[in-house]
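Here's the letter readout for the chains.
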Amino acid sequence: MNQAHAPQFNIHVGTELTWNVKPILHEIRHALEKLLNDGEPSIIDLRSIPLAPGEEETIINSLGHGEVHARLDVLGSSEIYETRFTGVWLVTHYNEDDSIVSRFIEVTEIPDVLKSQREDVTHALDELVTKLETEETYDRGD
Amino acid sequence: MTKDVRLQGGAPEEAPEKGTPEKGTLEKGTLGEALRSQGVSRRGFMKFCATTASMMALPPSMIPLIANALEKARRPSVIWLSFQECTGCTESLTRAHTTTVESLIFDLISLDYHHTLQAASGAAAEAAREAAMEENFGNYLLVVDGSIPLDNPGYSTIAGISNLDMLKESAKGAAAIIAVGTCATYGGIPHANPNPTGAVSVNEIIKDKPIINVPGCPPIPVVITGVLAHYLTFGSIPELDHIGRPKVFYGQSIHDRCYRRPFYDKGQFAETFDDEGARKGWCLYKLGCKGPTTYNACATTKWNNGTSFPIESGHPCLGCSEPDFWDGGGFYKPLSLPTEDLSKTAVYTAAGAAVAGVAISALNRAKKNASNRIHIKTTIDDLRK
């Protein structure tokens, strides 16, 4: 369609729509207190909460960026960063088309998905042993 | 109502004491092993489980349990039957945005029959269905989209087999049935007045199997996949509401989860599609929104890459996941207005309860005749105008 004749949609989204932003920020505050006092982590699924257009962005902007930023390359990418509130992490999983498939706020010392997993370490050990054996065989000229 | 019906084919109820794989290894033939064989790391599996939990509308605290159960779950056989339908349900699923996760879930089931998607056709396709039913008798999942015509079996057949016969035959060995879309769950558009084919839903025919209703026109793709994921994860069907829908997805009304709800509470409504209220994003109740009587996950799960849902785009909810949504009296009529012409309804009702069926039938006939009277055929000349 010619740009000049494209229909213009002008659905106004007022800033007064953000009714769920403050309650979520308070929920994060409670979760931080729980982490500090009991060592218990919390996860909030942002896709399970009714949010108006722009509200998710408002929450994310309120949290800001902190010192740690990581990217996973597995089943599409994932972006994980600590917000300016230490212990509050934003975890966003993308699919291979770079569409968001899930988004969580994790209140924890470090999100589990960033840690090396025991199963992967086992697999890595097997691979390294095989690689060394292959190289030793090659070095001996067998 | 059915709650946590345990079926074969999913995850075992409890981890067996003996033969439990040591940490770092995976049991043969399980979904965990299938994922690992596809090169999916444990970290990738955790991402998959986190997204699956979100998809199933389960709390994130369930992620470790989902991971544990999915690793041990076995690959189930799925037979998918399509009857009187528009293929919108299959389109919804195959065009789903979460390609990675949904394709993985599809990799984790054995889709043995789906006449739209499979390469085989005719006798070869039917042979595949029969073989899958025989091999997995008692354990396969039967997915059905579309309604079943009862007036004349010839209205809808596949390979010369009537929909009714195929459903009855395929249901015999099914562990459970997932009715996908409003046609399969409540008759849908084919069932709308005057219901020319005598269309009925799956649960009006099959009475002796657990049936999960996943209505919507079409259903939200992640809701379809979420039900499959629940079965894979727990080996059971989810808790259902009074009309057979999984409560995790259909437990709350669109209205209760709608971000425009506060406008309703304050009495701020759009009166037309282009007034100030519409521009300010006020409540669409007066424009016929069926959100208050519609139970579905659109308001949180959303559509098209999680972009929006109809109300967010400025259109009232049509109530497509509810029984008889097509006969609700008009998409743009507020719920508070009566759905029928009261004077006519009163006359027919006066005929008395004993002839109520005749009265309803007469009302339907009157509607059909009125529709025929006002129907004008479009000619080529009209199109040229």
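Everything below is about the structure shown above.
Residues numbered from 1 in each chain as written. Chains lettered and ligands numbered in written order. Predicted model: local features only at pLDDT ≥ 70, side-chain atom pairs only at ≥ 80, totals over all residues. Heavy atoms only, no water.

Description of the overall build of chain B
Link 1 in the chain: Looking only at helices and strands, chain B has 18 helices and eleven strands in total.
Link 2 in the chain: At a minimum sequence separation of 6, the contacts of chain B that also span at least 24 residues come to 76%.
Link 3 in the chain: Of the roughly 17,800 Å² that chain B leaves accessible, carbon and sulfur atoms contribute 54%. (Helix = DSSP H or I, 4+ residues; strand = E, 2+ residues; numbered from the N terminus. Contact = heavy atoms within 4.5 Å. Areas by Shrake-Rupley, 256 points an atom, 1.4 Å probe, with all protein chains shown as cover.)

Considering the sheet that holds strand E3 (residues 77-82) of chain A
Link 1 in the chain: One open sheet accounts for five strands, arranged E1-E5-E4-E3-E2 (chain A); its pairing is antiparallel. Unpaired on one side and paired on the other, strand E1 (42-45) and strand E2 (69-73) of chain A mark the two borders of the sheet. Going across the sheet, the axis of each strand differs from the next one's by a mean of 20°, ignoring polarity.
Link 2 in the chain: Each of E1, E2, E3, strand E4 (88-94) and strand E5 (100-107) of chain A touches helix H2 (residues 42-55) of chain B; the most contacted strand, E5 of chain A, lies at about 95° to it. (Pairing = 2+ DSSP bridges. Axes fitted to C-alpha atoms, helices over the stretch in contact; angles between N-to-C directions.)

Regarding the pattern of salt bridges
Link 1 in the chain: Under the counting rule described, the total for this entry stands at 18 salt bridges over all chains.
Link 2 in the chain: The shortest N-O distance in the salt bridge between Arg-42 of chain B and Glu-119 of chain A comes to 3.8 Å. A residue pair is termed interchain when its members come from two chains, as with Arg-42 of chain B in helix H2 and Glu-119 of chain A in helix H3 (residues 118-140). As far as the burial class goes, Arg-42 of chain B and Glu-119 of chain A line up, both buried. (Salt bridge = Lys/Arg side-chain N within 4 Å of Asp/Glu carboxyl O. Buried < 20%, exposed > 50% of the residue type's maximum accessible area, 1.4 Å probe, protein only.)

What to know about unusual backbone geometry
Residues and elements named next belong to chain B.
Link 1 in the chain: Note the cis peptide between Asn-193 and Pro-194, where omega equals 5°.
Link 2 in the chain: Examined against the element boundaries, Pro-194 turns out to sit in the loop between helix H9 (188-191) and strand E9 (199-200).
Link 3 in the chain: For the bond from Cys-217 to Pro-218, the omega torsion is -5°, close enough to zero to count as cis.
Link 4 in the chain: Its location among the elements puts Pro-218 in the loop between strand E10 (211-214) and helix H10 (221-234).
Link 5 in the chain: One non-glycine residue, Ala-159, adopts positive backbone phi at about 50°.
Link 6 in the chain: Within the secondary structure, Ala-159 is located in the loop between strand E6 (157-158) and strand E7 (161-162).
Link 7 in the chain: Not every positive phi belongs to a glycine, and Asn-195 is a case in point at roughly 45°.

Notes on the state of the cysteines
Throughout this description, disulfide means a covalent bond between two cysteine sulfur atoms.
Residues and elements named next belong to chain B.
Link 1 in the chain: Counted under the stated rule, the structure contains zero disulfides over all chains.
Link 2 in the chain: Lacking any disulfide linkage, Cys-217 is separated from the closest cysteine sulfur, that of Cys-320, by 5.7 Å.
Link 3 in the chain: Look at Cys-217 and you get partly exposed, because its relative accessible area is 37%.
Link 4 in the chain: Here Cys-298 stays unpaired: no disulfide links it, and the sulfur of Cys-320, its closest cysteine neighbor, is 6.3 Å away.
Link 5 in the chain: A residue is classified by how much of its surface remains accessible, and Cys-298, at 10% relative accessible area, is buried. (Disulfide = S-S within 2.5 Å.)

A look at the environment of Ile-254 of chain B
Residue and element names in this part refer to chain B.
Link 1 in the chain: Mapped onto the fold, Ile-254 is located in helix H12 (residues 254-257).
Link 2 in the chain: On the basis of relative accessible area, Ile-254 is assigned to the buried category, the value being 2%.
Link 3 in the chain: Distance in space between the C-alpha atoms of Ile-254 and Cys-298 is 6.9 Å, their sequence separation being 44 residues.
Link 4 in the chain: When sequence neighbours within four positions are dropped, the list of residues in contact with Ile-254 reads Gly-291, Thr-294, Asn-296, Cys-298, Ala-299, Phe-309, Ile-311 and Cys-317.

Some remarks on helix H7 (residues 163-171) of chain B
Link 1 in the chain: Among all positions of H7 of chain B, only Asn-163, Met-166, Leu-167, Ser-170 and Ala-171 of chain B are buried. Take H7 of chain B and look down its axis: the buried residues cluster within an arc of 120°, on one side only. (Arc of directions from axis to C-beta.)

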